[in-house]
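# Coordinate analysis (summary)
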Amino acid sequence: QSASSGTTNVTQTITASTYIGAQSCAVCHGGGTIAENKFDSWSQTLHAHIFSDEVDGLLGSTMKTSCLQCHTTGYSANTNVADGGFSALETQYKWTIPTVLTNGNWAAMQTNYPLVALLANVQCESCHGPGSQHAALYGNTNTAGWPGLSISYPSGDCNLCHDDAKYHPYGTEWLKSVHAVTTTDPAG
């Protein structure tokens, strides 16, 4: 006994976004009436200026490439990634970490490498993912093919950067705390 499987055509649509920077997010999320204001509170956090403080020497005299994966938006060690993230723009515009970290480096970067500076610091898209499609649809979640943005905060998202015993122990500390473990059903 034998069987024939025939052929089947399958269509798959993949919607991908690129990084656009927090200033684009601020258009809707910056205090207007379109969406909840998240920009102003973010701008007062350490995330909003960790890279700019670092490049200006306010956090010491050393800045390594390994810092960029957490202190910028859209960093990828894969040089073939064309997502418009920090690493892609850093390569395209040939920006390099200044040899001397001192006051004025951030201003010079904003002047000489404005598109690279646009994705410096830990911004909205560092946690929520690239937002070009979200912005292009004006945040309309009812549009067919809606790409969505991550809006939950599972510990794994934070632990991508905050799980380093020496510099960023907060993820590990949280995982070892009673907050990370639930032993009772909150509904019951």
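Read on for an overview of the structure. What you see is a predicted model; the values in this text were computed from it and never measured. (Residues numbered from 1 in each chain as written. Predicted model: local features only at pLDDT ≥ 70, side-chain atom pairs only at ≥ 80, totals over all residues. Heavy atoms only, no water.)

### Thoughts on the overall build of the protein
Helix and strand content of the protein: 11 helices and zero strands. Element order for the protein, N to C, with α for helix and β for strand: α-α-α-α-α-α-α-α-α-α-α. Sequence separation of 24 or more characterises 53% of the internal contacts of the protein that already satisfy a separation of 6 or more. Within the structure as shown, the protein displays about 12,600 Å² of accessible surface, and the carbon and sulfur contribution to it stands at 54%. (Helix = DSSP H or I, 4+ residues; strand = E, 2+ residues; numbered from the N terminus. Contact = heavy atoms within 4.5 Å. Areas by Shrake-Rupley, 256 points an atom, 1.4 Å probe, with all protein chains shown as cover.)

### Points about unusual backbone geometry
We note that Lys94 has phi near 60°; this positive angle belongs to a residue other than glycine. Summarising the element assignment, Lys94 is placed in the loop between α5 (86–93) and α6 (105–112). With a relative accessible area of 64%, Lys94 lands in the exposed category. (Buried < 20%, exposed > 50% of the residue type's maximum accessible area, 1.4 Å probe, protein only.)

### What to know about the nonpolar core
Grouped together as the largest cluster of nonpolar side chains are 15 residues, with contacts concentrated most on Phe51, Phe86, Trp95, Trp106 and Met109. Aside from chain neighbours lying at most four places away, what touches Phe51 is Met63, Leu68, His71, Thr72, Phe86, Trp95, Trp106, Met109, Ala120 and Asn121. Formed by five residues, the second largest nonpolar core is a distinct cluster that contains Ala22, Phe39, Trp42 and Ala48. (Core = buried A, V, L, I, M, F, W, Y, C linked by side-chain atoms within 4.5 Å.)

### As for α5
By the burial criterion, the buried members of α5 are Phe86, Ser87, Ala88, Leu89 and Glu90. Buried residues belonging to α5 abut α3 (50–55), α4 (65–71), α6 and α7 (114–117). Lys94 lies just past α5 and shows a positive phi near 60°.

### Describing the environment of Thr91
Looking at the secondary structure, you find Thr91 in helix α5. Between the C-alpha atom of Thr91 and that of Thr79, which follows or precedes it by 12 residues, the distance is 8.0 Å. In this structure the side chain of Thr91 is engaged in a polar contact, spanning 3.0 Å, whose partner is the backbone oxygen of Ser87. (Polar contact = N/O pair within 3.5 Å; in protein donor to acceptor, adjacent residues only side chain to side chain.)

### A look at the environment of Thr65
For Thr65, the position within the fold is in helix α4. Overall, the relative accessible area of 48% leaves Thr65 in the partly exposed class. Measuring from C-alpha to C-alpha, the distance between Thr65 and Thr96 comes to 9.2 Å, with 31 residues separating the pair along the chain. Contact partners of Thr65, with chain neighbours within four places excluded, come to Tyr75 and Ile97.

### Some remarks on the pattern of salt bridges
A side chain of one charge can pair with a side chain of the opposite charge if their charged atoms are brought near each other. Scanning the model with the defined rule gives one salt bridge in all. Across the pair Lys38 and Glu36 runs a salt bridge, and its minimum N-O distance is 3.4 Å. Take Glu36: its relative accessible area is 55%, and that puts it in the exposed class. (Salt bridge = Lys/Arg side-chain N within 4 Å of Asp/Glu carboxyl O.)

### Observations regarding the environment of His168
Positionally, His168 belongs in the loop between α10 (155–159) and α11 (170–175). Exposure remark for His168: the relative accessible area of 23% places this residue in the partly exposed category. Non-local contacts of His168, meaning those with residues more than four positions away in its chain, are made with His71, Cys161, His162 and Asp163.

### Examining the packing of aromatic side chains
A complete count under the given rule lists five aromatic pairs for this structure. A centroid spacing of 5.8 Å and a plane angle of 55° characterise the contact between Phe51 and Trp95, whose relative ring orientation is tilted. Of this pair, Phe51 sits in helix α3 while Trp95 sits in the loop between α5 and α6, placing them 44 residues apart in sequence. In terms of burial, Phe51 and Trp95 fall into one category: buried. Following the ring pairs from residue to residue traces out a cluster consisting of Phe51, Phe86, Trp95 and Trp106. (Phe/Tyr/Trp six-rings, centres within 6.5 Å; stacked < 30°, edge-to-face > 60°.)

### A word on helix α1 (residues 22–29)
Among the residues of α1, those classed as buried are Ala22, Cys25, Ala26 and Cys28. Buried positions in α1, seen along its axis, are confined to an arc of 165° and lie on one side of it. Along α1, the residues that are exposed and aim more than 90 degrees away from the buried face are Gln23 and Val27. On its buried face, α1 is in contact with α2 (39–43) and α8 (124–128). Once α1 finishes, Gly31 follows within two positions and takes phi at roughly 110°, a positive value. (Arc of directions from axis to C-beta.)

Honestly, that's just the spatial picture; any functional story needs more than this.
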